[in-house]
Amino acid sequence: MGKWQLQVDGGKCVASGMCEAIAPDHFRLDGVSQPLDPSVDPADVVVEAAESCPVEAILVRGSDGAVVAPRD
Ligand code: SF4
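Definitions and cut-offs
Residue numbers restart at each chain and count upward from 1, following the sequence in its written direction. Only residues with pLDDT of at least 70 are given local features in this predicted model, and only at 80 or more are side-chain atom pairs given and counted; all residues enter the totals for whole chains, interfaces and linings. The basis for every side-chain value is the complete set of heavy atoms in the structure, and neither hydrogens nor water enter the calculation. UniProt positions are given in the numbering used here, feature names are shortened, and annotations may be inferred rather than shown by experiment. We count a stretch as a helix when DSSP gives it H or I for four or more residues in a row; a strand needs E for two or more, and each element gets its number in order from the N terminus. Here the globule rule is a power law, 2.2 Å times the number of residues to the power 0.38, and the radius of gyration is based on C-alpha atoms. When accessible area is computed with a 1.4 Å probe and restricted to protein chains, residues below 20% of their type maximum are described as buried, those above 50% as exposed, and intermediate ones as partly exposed. Counted as salt bridges are all cases of a side-chain nitrogen of Lys or Arg within 4 Å of a carboxyl oxygen of Asp or Glu. When we say a residue is near a molecule or strand, we mean one of its heavy atoms is within 4 Å of it. Every definition here rests on a 1 Å grid over the protein atoms only: cavities are sets of points where a 1.4 Å probe fits but cannot get out, pockets are open sets enclosed by protein on both sides within 12 Å along at least five of seven lines, and lining residues have some atom within 4 Å of a point. Molecule-in-pocket calls rest on the fraction of atoms, with more than half required to lie within 2 Å of the cavity or pocket grid points. When residues are grouped by polarity, Ala, Val, Leu, Ile, Met, Phe, Trp, Tyr, Cys and Pro land in nonpolar, Asp, Glu, Lys and Arg in charged, and all others, Gly among them, in polar. Grid points are joined across faces, edges and corners, and a volume is the space filled by probe spheres set on the points.

Naming follows an unreviewed UniProt entry, where the protein chain appears as Ferredoxin of Saccharothrix variisporea. Here the protein chain is described in UniProt, under the heading Cofactor (unreviewed entry), as follows: "[3Fe-4S] cluster".

Have a look at this one:
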(Lines give C-alpha, C1' and ligand atoms only; values in the text may rest on other atoms or scores of the structure.)
Protein backbone atom coordinates (compact mmCIF):
# COMPACT_ATOMS: atom_id res chain seq x y z
CA MET A 1 0.00 0.00 0.00
CA GLY A 2 1.29 3.48 -0.83
CA LYS A 3 2.01 6.32 1.51
CA TRP A 4 -0.63 8.73 2.79
CA GLN A 5 -0.19 12.48 2.59
CA LEU A 6 -0.97 14.63 5.63
CA GLN A 7 -1.84 18.29 5.46
CA VAL A 8 -2.80 20.69 8.23
CA ASP A 9 -4.49 23.93 7.28
CA GLY A 10 -2.79 26.38 9.63
CA GLY A 11 -5.46 28.96 8.84
CA LYS A 12 -8.16 26.68 10.24
CA CYS A 13 -6.29 25.07 13.15
CA VAL A 14 -7.43 26.42 16.53
CA ALA A 15 -4.62 24.65 18.40
CA SER A 16 -6.94 22.39 20.37
CA GLY A 17 -4.15 19.82 20.68
CA MET A 18 -6.43 16.88 19.85
CA CYS A 19 -4.32 15.60 16.98
CA GLU A 20 -1.10 15.72 18.98
CA ALA A 21 -2.78 13.96 21.92
CA ILE A 22 -4.15 11.20 19.67
CA ALA A 23 -1.21 10.84 17.31
CA PRO A 24 1.93 12.29 18.91
CA ASP A 25 4.10 10.50 16.38
CA HIS A 26 2.41 12.39 13.56
CA PHE A 27 1.46 15.88 14.74
CA ARG A 28 3.21 18.54 16.77
CA LEU A 29 1.86 21.89 17.92
CA ASP A 30 4.13 24.79 17.12
CA GLY A 31 1.66 27.64 17.35
CA VAL A 32 -0.59 25.58 15.11
CA SER A 33 -0.38 21.88 14.39
CA GLN A 34 2.00 20.55 11.77
CA PRO A 35 2.62 17.06 10.47
CA LEU A 36 5.97 15.74 11.68
CA ASP A 37 6.24 14.02 8.32
CA PRO A 38 3.76 14.83 5.53
CA SER A 39 4.20 11.37 4.02
CA VAL A 40 3.25 8.46 6.28
CA ASP A 41 2.45 4.79 6.19
CA PRO A 42 -1.31 4.17 6.41
CA ALA A 43 -2.38 4.10 10.08
CA ASP A 44 -5.74 4.16 11.85
CA VAL A 45 -4.43 6.67 14.38
CA VAL A 46 -3.97 9.27 11.62
CA VAL A 47 -7.58 8.84 10.54
CA GLU A 48 -8.67 9.09 14.16
CA ALA A 49 -6.76 12.35 14.58
CA ALA A 50 -8.27 13.84 11.42
CA GLU A 51 -11.78 12.79 12.44
CA SER A 52 -11.27 14.27 15.91
CA CYS A 53 -10.17 17.70 14.74
CA PRO A 54 -12.96 20.10 15.74
CA VAL A 55 -12.47 22.32 12.67
CA GLU A 56 -11.48 19.66 10.11
CA ALA A 57 -8.09 21.27 9.59
CA ILE A 58 -6.41 17.93 8.92
CA LEU A 59 -6.62 16.37 5.48
CA VAL A 60 -5.42 12.84 4.81
CA ARG A 61 -5.07 11.68 1.22
CA GLY A 62 -4.21 8.27 -0.11
CA SER A 63 -1.46 7.63 -2.63
CA ASP A 64 -4.10 7.99 -5.35
CA GLY A 65 -5.05 11.45 -4.07
CA ALA A 66 -8.45 10.34 -2.77
CA VAL A 67 -9.55 11.74 0.58
CA VAL A 68 -9.09 9.17 3.35
CA ALA A 69 -10.15 11.47 6.20
CA PRO A 70 -12.11 13.31 7.35
CA ARG A 71 -15.21 11.65 6.02
CA ASP A 72 -18.67 13.23 6.08
S1 SF4 B 1 -6.99 18.80 16.20
FE2 SF4 B 1 -7.27 20.31 14.56
S3 SF4 B 1 -7.54 22.27 15.61
FE4 SF4 B 1 -6.70 20.84 17.09
S5 SF4 B 1 -4.47 21.17 16.98
FE6 SF4 B 1 -4.95 19.49 15.58
S7 SF4 B 1 -5.25 20.48 13.59
FE8 SF4 B 1 -5.37 22.07 15.14
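A tally of regular secondary structure across the protein chain gives two helices and six strands. Starting at the N terminus and ending at the C terminus, the protein chain contains elements arranged as β-α-β-β-β-α-β-β. Here the protein chain has a C-alpha radius of gyration of 11 Å; the compact-globule value for 72 residues is 11 Å, and the two agree. Overall size of the protein chain, expressed as C-alpha extent along the three principal axes, is 30 × 25 × 20 Å. Taken over 72 residues, the protein chain has a buried fraction of 29%.

We now examine the pattern of salt bridges. Counted by the stated rule, this structure contains two salt bridges. A salt bridge links Asp-41 to Lys-3, with the nearest nitrogen and oxygen atoms 3.3 Å apart. With Asp-41 in the loop between strand 4 (39-40) and helix 2 (44-52) and Lys-3 in the segment before strand 1 (4-8), this pair connects stretches of sequence that are 38 residues apart. For the salt bridge of Glu-20 with Arg-28, the shortest nitrogen-to-oxygen distance reads 3.2 Å. For Arg-28, a relative accessible area of 39% corresponds to the partly exposed category.

On to the site of the ligand, then. In the neighbourhood of the ligand, 14 residues make up the surrounding shell, with Cys-13, Ser-16, Gly-17, Cys-19 and Cys-53 lying closest. In this structure the site holding the ligand corresponds to the largest cavity. Per-class residue counts for the shell around the ligand are 11 nonpolar, three polar and no charged.

The next point concerns empty space enclosed by the protein. Under the criterion given, the structure shown has one cavity of 30 Å³ or more. Grouping the amino acids of the lining of the largest cavity by side-chain chemistry returns 12 nonpolar, three polar and no charged.

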